[in-house]
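This is what each chain is made of:
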Amino acid sequence: NKPIKNDEFYMKFKIYLYNLLFLSIFIYGCGGGDEEDPTGVIKDNIKFTKQKDLDSYMSTIHEENPRFEQTRALMGEVFFKYDIRYELVETEIISDEDDEVKVRFIQITTKRDGDNVRKNQVNGVYILRKSVGFWKIYETDVTDSKFIRE
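Quick caveat, the model's predicted, so the values are computed rather than measured. (Residues numbered from 1 in each chain as written. Predicted model: local features only at pLDDT ≥ 70, side-chain atom pairs only at ≥ 80, totals over all residues. Heavy atoms only, no water.)

**Re the overall build of the protein**
Stage number 1. Within the protein, the regular secondary structure consists of four helices and four strands.
Stage number 2. Along the protein, from the amino end to the carboxyl end, the secondary structure elements read α-α-α-α-β-β-β-β.
Stage number 3. For the protein, the proportion of its 150 residues judged to be buried stands at 44%.
Stage number 4. Sequence-distant contacts, at least 24 apart, represent 60% of the contacts inside the protein between residues at least 6 apart.
Stage number 5. Carbon together with sulfur atoms contributes 47% to the accessible area of the protein, which is approximately 8400 Å² in total. (Helix = DSSP H or I, 4+ residues; strand = E, 2+ residues; numbered from the N terminus. Buried < 20%, exposed > 50% of the residue type's maximum accessible area, 1.4 Å probe, protein only. Contact = heavy atoms within 4.5 Å. Areas by Shrake-Rupley, 256 points an atom, 1.4 Å probe, with all protein chains shown as cover.)

Shown next as structure tokens:
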């Protein structure tokens, strides 16, 4: 195996972190899921990401998320520096309790305009918890992340 250059490692690690934090961010003030469709908050999160609307994006993140402020800072940077397309390919509720829902997901991110980001697929599980009656993203567990050759 060929050693990875520091710049290459940093870029791959940063992309992984962007995806991880992106996935762990959802609801705090507007929109969000409801009793009937907890996955609505995930769809809202993707919509606000496409719009690069940081406040609305953060409204989809549970305010008790341990990385709430870090997520705000990171996503502000991502929205400013990069033009990335996010596509939620699949969701499936795998656990449904009164106060917590787990949703398995597959997401594709694709670079635009020559940014140093490639197309990749992220698989994982969103952990949603209620806040003031609405579902919000509390945590994201990324189970697999791989680059897709274009």
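**Considerations on a negative patch on the surface**
Stage number 1. A cluster of acidic side chains, namely Asp96, Glu97, Asp98 and Asp99, defines a negative patch on the protein surface.
Stage number 2. Structurally, Asp96 is set in strand β1 (residues 84-96).
Stage number 3. In this structure Asp96 comes out as exposed when scored by relative accessible area, which is 54%. (Patch = residues over 30% accessible without salt bridge, like charges linked within 9 Å, V, L, I, M, F, W, Y side chains within 5 Å. Salt bridge = Lys/Arg side-chain N within 4 Å of Asp/Glu carboxyl O. Lys, Arg positive; Asp, Glu negative; His and termini not counted. Charge placed at Lys NZ, Arg CZ, Asp CG, Glu CD.)

**Some thoughts on the pairing of β1**
Stage number 1. Where β1 lies against strand β2 (residues 100-111), eleven bridges are found, and the strand directions are antiparallel. Opposite Thr91, over in β2, you have Phe105 as the bridge partner.
Stage number 2. Taking the residues between adjacent antiparallel strands as the criterion, β1 and β2 are bridged by three residues. (Pairing = 2+ DSSP bridges.)

**Focus: the nonpolar core**
Stage number 1. If you look at the biggest cluster of nonpolar residues, it comprises 24 residues, and the most contacted ones within it are Ile42, Val78, Tyr126, Leu128 and Ile137.
Stage number 2. Residue assignment for this core shows that the elements contributing at least two residues are α2 (40-51), α3 (54-58), α4 (68-81), β1, β2, β3 (120-131) and β4 (134-147).
Stage number 3. Ranked by residue count, the leading element in this core is α4, at five residues. (Core = buried A, V, L, I, M, F, W, Y, C linked by side-chain atoms within 4.5 Å.)

**Section: unusual backbone geometry**
Stage number 1. You will see that Lys52, though not glycine, has its phi angle at about 55 degrees, which is positive.
Stage number 2. With respect to the helices, strands and loops of the structure, Lys52 is situated in the loop between α2 and α3.
Stage number 3. The exposure class of Lys52 is partly exposed, given its relative accessible area of 32%.
Stage number 4. At Val132, a residue that is not glycine, the phi angle is positive and equals roughly 50 degrees.
Stage number 5. Relative to the helices and strands, Val132 resides in the loop between β3 and β4.
Stage number 6. Among the residues examined, Val132 registers a relative accessible area of 77% and is labelled exposed.

**Digging into the packing of aromatic side chains**
Stage number 1. One pass over the structure, following the stated rule, counts two aromatic pairs.
Stage number 2. Relative to Phe79, the ring of Tyr57 lies with its centre 5.7 Å away and its plane at 80 degrees, an arrangement referred to as edge-to-face. Placement of the pair is Tyr57 in helix α3 and Phe79 in helix α4, with a sequence separation of 22 residues.
Stage number 3. Residue classification places Tyr57 among the buried residues on the basis of a relative accessible area of 0%.
Stage number 4. The aromatic ring of Tyr138 is capped on one face by Arg129, whose charged end is 3.9 Å from the ring centroid. (Phe/Tyr/Trp six-rings, centres within 6.5 Å; stacked < 30°, edge-to-face > 60°. Lys NZ or Arg CZ within 6 Å of the ring centre and 35° of its normal.)

**What to know about the side chain of Asn120**
Stage number 1. The residue Asn120 is located in strand β3 in this model.
Stage number 2. Within the structure, the side chain of Asn120 is placed 2.2 Å from the side chain of Thr109, a separation counted as a polar contact. (Polar contact = N/O pair within 3.5 Å; in protein donor to acceptor, adjacent residues only side chain to side chain.)

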